[in-house]
Amino acid sequence: GQIGNLEAMGYFRQPASKGHHLSGYGGLARHSANVTRRLVMLTNCLCVRWPRPASPYVVGMLHDLVKLQCYRLRGEKEGRPEWEYVQPVYPGHGACSAAIAAQMLIGLYEEEIVAITYHMGVYGVGKEYTDKEFDNALRLHGSQVLATCMADWYAARVDEEDFACMVQAGKEKQ
């Protein structure tokens, strides 16, 4: 099934970033689980309408699939992995993730593809897509796109950075 495909692709080994949030082994899967948890919460709190009950799970777990192509392990330094950035095949972080998800899963809904494509929100404007493209995505599927953006941002900047700060504080006390 799809979980086997994810495992074969390195989903459970890859980092969520090269040197920021969850940059160690398995960071991508942990980050995706955090985003999924936040997206389910936001979906319920904000009454976001998705095409199917599984949509927040699909979007949350697959929104960063581009990272399967972006990072290659260079080695380890002081017991920590060092990752090398590799230019992915498709342009655009969100669009590439959506393309990989579409290759893996037959039957993704437009709302899911758009939410994955634009999950970077305003941070992607000018880098991955134009402001007109982003405005159009918001016009068509605004609640899904905004909930996904918020879930990703909150997971990376609050859940995971707080965790990183706690880990660092624990090391400093030793």
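Now for a look at the structure at hand. (Residues numbered from 1 in each chain as written. Predicted model: local features only at pLDDT ≥ 70, side-chain atom pairs only at ≥ 80, totals over all residues. Heavy atoms only, no water.)

1. A few points about helix 6 (residues 110–117)
Of all the eight residues making up helix 6, six are buried; the element is thus mostly covered by neighbouring parts of the structure. Listed in full, the buried residues belonging to helix 6 are E111, E112, V114, A115, I116 and T117. (Buried < 20%, exposed > 50% of the residue type's maximum accessible area, 1.4 Å probe, protein only. Helix = DSSP H or I, 4+ residues; strand = E, 2+ residues; numbered from the N terminus.)

2. Considering the packing of helix 2 (residues 27–46) against helix 3 (residues 55–62)
Where helix 2 contacts helix 3, the axes come no closer than 7 Å and their chain directions differ by 150°. On the basis of the axis angle, helix 2 is roughly antiparallel to helix 3. As for the relative orientation of helix 2 and helix 3, their crossing is right-handed in sense. From helix 2, A29, S32, A33, V35, T36, L39, V40 and T43 reach across to helix 3, where they touch P56, Y57, V59, G60 and M61. (Axes fitted to C-alpha atoms, helices over the stretch in contact; angles between N-to-C directions. Parallel < 35°, antiparallel > 145°, perpendicular 65-115°, else oblique. Left-handed = near helix turned anticlockwise from the far one by under 90°. Contact = heavy atoms within 4.5 Å.)

3. Some remarks on the side chain of H31
With respect to the secondary-structure elements, H31 resides in helix 2. Setting aside anything within four residues of it in sequence, one finds H31 in contact with A16, H21, L22, H63, D64, D152, A155, A156 and E160.

4. Some points on the environment of E128
The residue E128 is located in the loop between helix 6 and helix 7 (131–173) in this model. Other than its neighbours up to four places away in sequence, E128 contacts G92, H93, G94, T117 and M120. A polar side-chain atom of E128 sits 3.0 Å from the main-chain amide nitrogen of H93. Side-chain polar atoms of E128 contact the backbone nitrogen of G94, separated by 3.0 Å. (Polar contact = N/O pair within 3.5 Å; in protein donor to acceptor, adjacent residues only side chain to side chain.)

5. Here we look at the pairing of strand 1 (residues 71–77)
Two elements, strand 1 and strand 2 (residues 80–85), share six bridges in a ladder whose sense is antiparallel. Across the sheet, the residue bridging to E76 is P81, located in strand 2. The loop that links strand 1 with its antiparallel partner strand 2 comprises two residues; one of these, E78, has a positive phi angle of about 55°. (Pairing = 2+ DSSP bridges.)

6. Structural notes on the packing of helix 5 (residues 93–104) against helix 6
Close contact between helix 5 and helix 6 brings their axes to 7 Å; oriented N to C, the two are set at 145°. Residue-level inspection shows G94, A95, S97, A98 and A101 of helix 5 in contact with helix 6, the latter providing I113, I116 and T117. Here the residues of the contact of helix 5 with helix 6 are counted per class, giving five nonpolar, three polar and no charged. (Nonpolar A, V, L, I, M, F, W, Y, C, P; charged D, E, K, R; others polar.)

7. Comments concerning the packing of aromatic side chains
Under the criterion given, the structure shown has six aromatic pairs. Between the aromatic rings of Y25 and W83, the centroid separation amounts to 5.7 Å while the plane-to-plane angle is 75°, which identifies the pairing as edge-to-face. With Y25 in the loop between helix 1 (2–9) and helix 2 and W83 in strand 2, this residue pair connects regions lying 58 residues apart in the sequence. Judged by its relative accessible area of 37%, Y25 falls in the partly exposed class. A relative accessible area of 3% places W83 in the buried class. With 6.2 Å between their ring centres and 40° between their planes, Y118 and F134 make a pair best called tilted. (Phe/Tyr/Trp six-rings, centres within 6.5 Å; stacked < 30°, edge-to-face > 60°.)

8. Considering the side chain of S32
Summarising the element assignment, S32 is placed in helix 2. Under the relative-accessibility criterion, S32 is labelled buried at 0%. Side-chain polar atoms of S32 contact the backbone oxygen of L28, separated by 2.9 Å. Among residues more than four places away in sequence, those in contact with S32 are Y11, G60, M61 and H63.

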